[in-house]
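# An overview of the molecular structure
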Amino acid sequence: MSEANPLNSQQPFLRFRTGRNGEWVELQSPPRDDNETERLTQILSGALTTRNLLVLTGSGASRAVGGPGMSDLWKSCSSIANHAEVVKLVNHPRSEGREEDIEHLLSLCLFHSRLHAGDDADGKKVRDFQAQAEKKISRLCREFASTPDTLAPYVQLLRKLVPRRGDFPRTKIFTTNYDLCLENAAEQLGMPYLDGFSFAYPRRFHGRWLDYDLVKRGKDKAGSEFLDGVFQLLKLHGSVDWELHEDTGSVLRNPATKRPHLVYPRDEKFALSYEQPFLEMISRYQSSLREPDTCLVVVGFGFNDHHLVQPIRTALLTNPNSFKMVIADHAIEEKIGAKGWEPWTELSDCQLAGADITFVEGSFANFTQILPSFSEARRQDDLVNRLVQALESGRRIPGERSN
């Protein structure tokens, strides 16, 4: 499949790969009642019934619903008046294959502006370009249309992955995206989420809010029970409605802010991710991956962020018997074989060596369509367990009719 195809492009099938043989299995027009679809459903059911369910979404997921991709950010920033002059000043790209890499360009701009501080004319040009580029990026991520129709894959994702058993931890959704797709999808479903911000106005960030939960008290009950359909939302690189108040160091949610608090696409994002509130998000991301009986569902994430890939590597190495991954993307096989995409090759090698990794290649919409809900996954898991028990004991499956 071509890299030019967006994640939501219409594809006639899904493909998946699991196990040690490295063979891709094609699904024609899902959902369909055939052996291949049943096999993928069983695999996904086993993954989704793990105790700790984590989701990681990246720019590919937002691009699937009309959001900007990295190429769109480059195109927008290239329209800035002094773009060509700045590209020459900072000696971009410096390496082959990065000619239209906005992250590389902004990284060089940052280094250049630090070396040419003060009243240096060239330094001022680069700083002005950098400021304008960051404004364009935040505006693109804020303004793209997200209607109920275009958000359908996000709505499906939440509907399938958020409801869980009452004694299981809440689904944790991590995202590198700045946009409000997940928040808007949750609003469509009437689904509450915990994002680390207080419920009182102004909504102020504090990590302790991620340790709290929502319960409901019944009229005829002395105790309380957890509210259904709640999830944790952790935005690893900030959000277009976050605003930093530098005088107090507080981060507030302000939909009208003109200076959103973001980790912009540049090499320095590794260091910035270890400042608050990003440190809180990263810390919880790392600790969640170390929990036993964990499944990480990855959607539209390119594995380009070293500070997010390294904890996954660690989980695969140190927790191989109880850590599962489901990776959904529109061009997995191409990325595995492409030069310069080492994390994808490494993940492929881990799968071939026996790691519990399932690759699902296809559109975001088709992936969410074939995902089982938790209740469906439990029924599927129970059926498989009954089959295994029956085979081990040499008897018929309970409830099965004899011929």
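Note that the structure is a prediction, hence the values are computed from the model and not measured.

What follows concerns the packing of helix 3 (residues 70-77) against helix 6 (residues 121-143). Packing of helix 3 against helix 6 brings their axes to within 10 Å, and their N-to-C directions diverge by 135°. Here helix 6 runs oblique to helix 3, going by the angle between their axes. For the crossing formed where helix 3 meets helix 6, the hand is right-handed. On helix 6, the residues touching Asp72, Leu73, Ser76 and Cys77 of helix 3 are Phe129, Ala133, Lys136, Ile137 and Leu140. Across the contact of helix 3 with helix 6, the residue classes tally to 6 nonpolar, 1 polar and 2 charged.

Within strand 13 (residues 323-329), 6 of the 7 residues are buried, leaving the element largely enclosed by the surrounding structure. The sheet contact formed by strand 12 (residues 294-299) and strand 13 spans 6 bridges and is parallel. Directly across from cysteine 295, in strand 13, lies its bridge partner lysine 324. Traced from strand 12 through helix 11 (residues 306-318) to strand 13, the parallel crossover comes out right-handed. Relative to strand 14 (residues 357-361), strand 13 is paired through 5 bridges, and the arrangement is parallel. Its bridge partner lying in strand 14, methionine 325 is registered against isoleucine 357.

Let's shift gears to helix 13 (residues 342-352). Listed as buried for helix 13 are Pro343, Trp344, Leu347, Ser348 and Gln351. Seen along its axis, helix 13 keeps its buried residues to an arc of 140°; they face one direction. Against the buried residues of helix 13 lie strand 1 (13-17), helix 11, strand 13, helix 12 (332-337) and strand 14. Downstream of helix 13 by one or two residues, glycine 354 has phi in the positive range, about 115°.

Tallied over the full model, the rule gives 12 aromatic pairs. Between phenylalanine 303 and tryptophan 344, the aromatic rings sit 5.0 Å apart at their centres with planes inclined by 80°, giving edge-to-face as the arrangement. Of this pair, phenylalanine 303 sits in the loop between strand 12 and helix 11 while tryptophan 344 sits in helix 13; the two residues are 41 residues apart in sequence, bridging distant segments of the chain. The same class applies to phenylalanine 303 as to tryptophan 344, namely buried. Taken together, the ring pairs connect Phe197, Phe205, Trp242 and Phe278 into an aromatic cluster. Lying across the ring of tryptophan 24, arginine 15 places its NZ or CZ 4.6 Å from the centre.

With antiparallel pairing, 3 strands are arranged side by side in an open sheet as 10-9-11. This sheet does not close on itself; its edge strands, each paired only once, are strand 10 (250-253) and strand 11 (260-262). The average angle at which neighbouring strand axes cross in this sheet is 60°, direction not considered. One ladder, built from 2 bridges, connects strand 9 (residues 238-245) with strand 11; its direction is antiparallel. Paired with glycine 238 across the two strands is leucine 262, which belongs to strand 11.

Ranked by internal contacts, the top residues of the largest apolar core, which has 41 residues, are Tyr154, Leu158, Phe231, Val297, Val326 and Phe367. Among the elements that make up this core, the one with the highest residue count is helix 7 (residues 152-161) (5 residues). When sequence neighbours within four positions are dropped, the list of residues in contact with valine 326 reads Leu44, Ala47, Cys295, Leu296, Val297, Val298, Thr358, Val360 and Phe367. With 35 residues, the next largest nonpolar core counts Trp24, Leu296, Ile336 and Ile357 among its residues.

Below, the discussion takes up the pattern of salt bridges. A complete count under the given rule lists 15 salt bridges for this structure. The salt bridge partner of aspartate 128 is lysine 124, with a shortest N-O separation of 3.1 Å. With aspartate 128 and lysine 124 both in helix 6, this residue pair falls 4 residues apart, about one helical turn. Residue aspartate 329 pairs with lysine 335 through a salt bridge whose shortest N-O separation is 2.9 Å. On the basis of relative accessible area, aspartate 329 is assigned to the buried category, the value being 3%.

Cut-offs and rules
- Residues numbered from 1 in each chain as written.
- Predicted model: local features only at pLDDT ≥ 70, side-chain atom pairs only at ≥ 80, totals over all residues.
- Heavy atoms only, no water.
- Axes fitted to C-alpha atoms, helices over the stretch in contact; angles between N-to-C directions.
- Helix = DSSP H or I, 4+ residues; strand = E, 2+ residues; numbered from the N terminus.
- Parallel < 35°, antiparallel > 145°, perpendicular 65-115°, else oblique.
- Left-handed = near helix turned anticlockwise from the far one by under 90°.
- Contact = heavy atoms within 4.5 Å.
- Nonpolar A, V, L, I, M, F, W, Y, C, P; charged D, E, K, R; others polar.
- Buried < 20%, exposed > 50% of the residue type's maximum accessible area, 1.4 Å probe, protein only.
- Pairing = 2+ DSSP bridges.
- Right-handed = clockwise from strand over helix to strand, strands pointing away.
- Arc of directions from axis to C-beta.
- Phe/Tyr/Trp six-rings, centres within 6.5 Å; stacked < 30°, edge-to-face > 60°.
- Lys NZ or Arg CZ within 6 Å of the ring centre and 35° of its normal.
- Core = buried A, V, L, I, M, F, W, Y, C linked by side-chain atoms within 4.5 Å.
- Salt bridge = Lys/Arg side-chain N within 4 Å of Asp/Glu carboxyl O.

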